[in-house]
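# Overview (structure and organization)
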Amino acid sequence: GQQLNQSPQSMFIQEGEDVSMNCTSSSIFNTWLWYKQDPGEGPVLLIALYKAGELTSNGRLTAQFGITRKDSFLNISASIPSDVGIYFCAGPVNDYKLSFGAGTTVTVRA
Amino acid sequence: DTGVSQDPRHKITKRGQNVTFRCDPISEHNRLYWYRQTLGQGPEFLTYFQNEAQLEKSRLLSDRFSAERPKGSFSTLEIQRTEQGDSAMYLCASSYLTQRSGNTIYFGEGSWLTVV
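All chains use their own residue numbering, which begins from 1 and follows the written sequence. To read the labels, note that chains go from A and ligands from 1, taken in the order they are written. For a predicted model such as this one, the threshold for reporting local features is a pLDDT of at least 70, and the threshold for listing and counting side-chain atom pairs is 80 or more; totals across whole chains, interfaces and linings nevertheless cover every residue. Heavy atoms throughout the structure, all of them, feed into the side-chain values; hydrogens and water do not.

### Description of the side chain of Arg64 of chain B
Just so we agree on the cut-off: Think of it this way: any DSSP run of H or I at least four residues long counts as a helix, any run of E at least two long counts as a strand, and we number them from the N terminus. Throughout, a residue-residue contact means that at least one pair of heavy atoms, one from each residue, lies within 4.5 Å.
When you line up the elements, Arg64 of chain B lands in the loop between strand 6 (53-57) and strand 7 (65-68). For Arg64 of chain B, the residues in contact, after removing those within four places along its chain, are Glu78, Ile79, Gln80, Arg81, Thr82, Glu83 and Asp86 of chain B.

### Quick notes on the interface of chain A and chain B
Put simply, the test is: Buried area: the sum, over both parts, of the accessible surface (1.4 Å probe) that disappears when the two are put together. Any Lys or Arg side-chain nitrogen found within 4 Å of a carboxyl oxygen on Asp or Glu counts as a salt bridge. Pairs of N or O atoms are called polar contacts if they sit within 3.5 Å, as long as, within protein, a hydrogen donor faces a hydrogen acceptor (for residues adjacent in sequence, only side-chain-to-side-chain pairs). Put simply, Ala, Val, Leu, Ile, Met, Phe, Trp, Tyr, Cys and Pro go in the nonpolar bin, Asp, Glu, Lys and Arg in the charged bin, and everything else, Gly too, in the polar bin.
Contacts between chain A and chain B engage 18 residues on the former and 25 residues on the latter. Here chain A and chain B share an interface that buries about 1700 Å² over both sides, 55% of which is from carbon and sulfur atoms. Counting the contacts that link chain A with chain B gives 2 salt bridges. Between Arg31 of chain B and Asp95 of chain A there is a salt bridge, with the nearest N and O atoms lying 3.1 Å from each other. Inspection of the region where chain A meets chain B yields 8 residue pairs in polar contact (both at pLDDT 80 or more). Counting residues per element, the side of chain A that touches chain B draws most heavily on strand 4 (residues 32-37) of chain A, which supplies 3 residues. The residue inventory of the side of chain A that touches chain B, partitioned by class, reads 11 nonpolar, 4 polar and 3 charged.

### What to know about the packing of aromatic side chains
Defined as follows: Geometry of aromatic contacts follows a simple scheme: Phe, Tyr and Trp rings, the Trp one being its six-membered ring, pair when their centres are within 6.5 Å, and the pair is stacked under 30 degrees between planes, edge-to-face over 60, tilted otherwise. Two limits define a charge over a ring: the Lys NZ or Arg CZ must be within 6 Å of the ring centre, and within 35 degrees of the ring normal.
For the structure on display, the rule yields 14 aromatic pairs over all chains. With centroids separated by 5.4 Å and ring planes inclined at 80 degrees, the aromatic side chains of Tyr35 of chain A and Phe107 of chain B adopt a geometry described as edge-to-face. Taken together, the residues span two chains, with Tyr35 of chain A in strand 4 and Phe107 of chain B in strand 10 (residues 106-107). Grouped by ring-pair contacts, the aromatic residues Tyr35, Phe88, Tyr96 and Phe100 of chain A together with Tyr33, Tyr35, Phe45, Tyr48 and Phe107 of chain B constitute a single cluster. The ring of Phe74 of chain B carries the charged tip of Arg22 of chain B above its face, separated from the ring centre by 3.9 Å.

### Some words on the pairing of strand 6 of chain B
All names here are of chain B. Here is the rule: Following DSSP output, two strands are said to pair if at least two bridges run between them.
Pairing of strand 5 (residues 44-50) with strand 6, which is carried by 4 bridges, proceeds in the antiparallel orientation. Looking across to strand 6, one finds that Tyr48 is bridged to Glu56. Taken together, strand 5 and the strand that follows it, strand 6, pair antiparallel across an intervening segment of 2 residues, in which Asn51 is found at a positive phi of about 55 degrees.

### Digging into the environment of Lys97 of chain A
Inspection of the secondary structure puts Lys97 of chain A in the loop between strand 9 (85-92) and strand 10 (98-100). It is 27 Å that separates the C-alpha atoms of Lys97 of chain A and Ile76 of chain A, two residues lying 21 residues apart in sequence. Every residue in contact with Lys97 of chain A, bar those within four places of it in the chain, is listed here: Gly91 and Pro92 of chain A together with Tyr35 and Phe45 of chain B.

### Digging into the pattern of salt bridges
If charged atoms from side chains of opposite charge come close, those side chains can pair. Summed over the entire model, instances satisfying the criterion amount to 8 salt bridges over all chains. One connected set of salt bridges, linked through shared partners, spans Glu41 of chain A together with Arg9 and Glu109 of chain B.

Spelled out as structure tokens, the structure:
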């Protein structure tokens, strides 16, 4: 089946830093989704990308749909303490099922 | 906020007991999904409904699991004769499939199940 590989697996960030994480797939996707999950909560949709090459922002977050359609990047600018959490990329396997990466855990260094 | 809501948020049960989770999707959404998530992993698809019809079930969904969506509104997920391996977060999600937005899925807050 389709596998999504996220990197890094975890990161420590300094408040105010810009950070980047990515997601690669063994197969082509026509949509990329980025979610953030806080402990004990469900994933919250951050950004949805629908077109290869698309660059979309949501506040301090920017995500790009890779032109090969096999990768996507998420950038967080000027990180703040509430950015801690687990970030998941996801792509549709078909029109009803999402495949998720294993997540990137972000911790803010005091 | 009229997002996806789930109840209960936490459930601790003894092995062998039955449990039921409820999900109320976003009102205009016609699709409803159940996913399961264990620690350190992303969510895994279990099943989905288009209106009231259950159209797909993952092989992860053993015969002890049953999901319903009467009248195409809320949904329930029942686990019978729970086992310790059923301990996980059960996530409900909904979506409205369109040509423009594809199938952007919105998740609820999840229901944590601990089987002791």
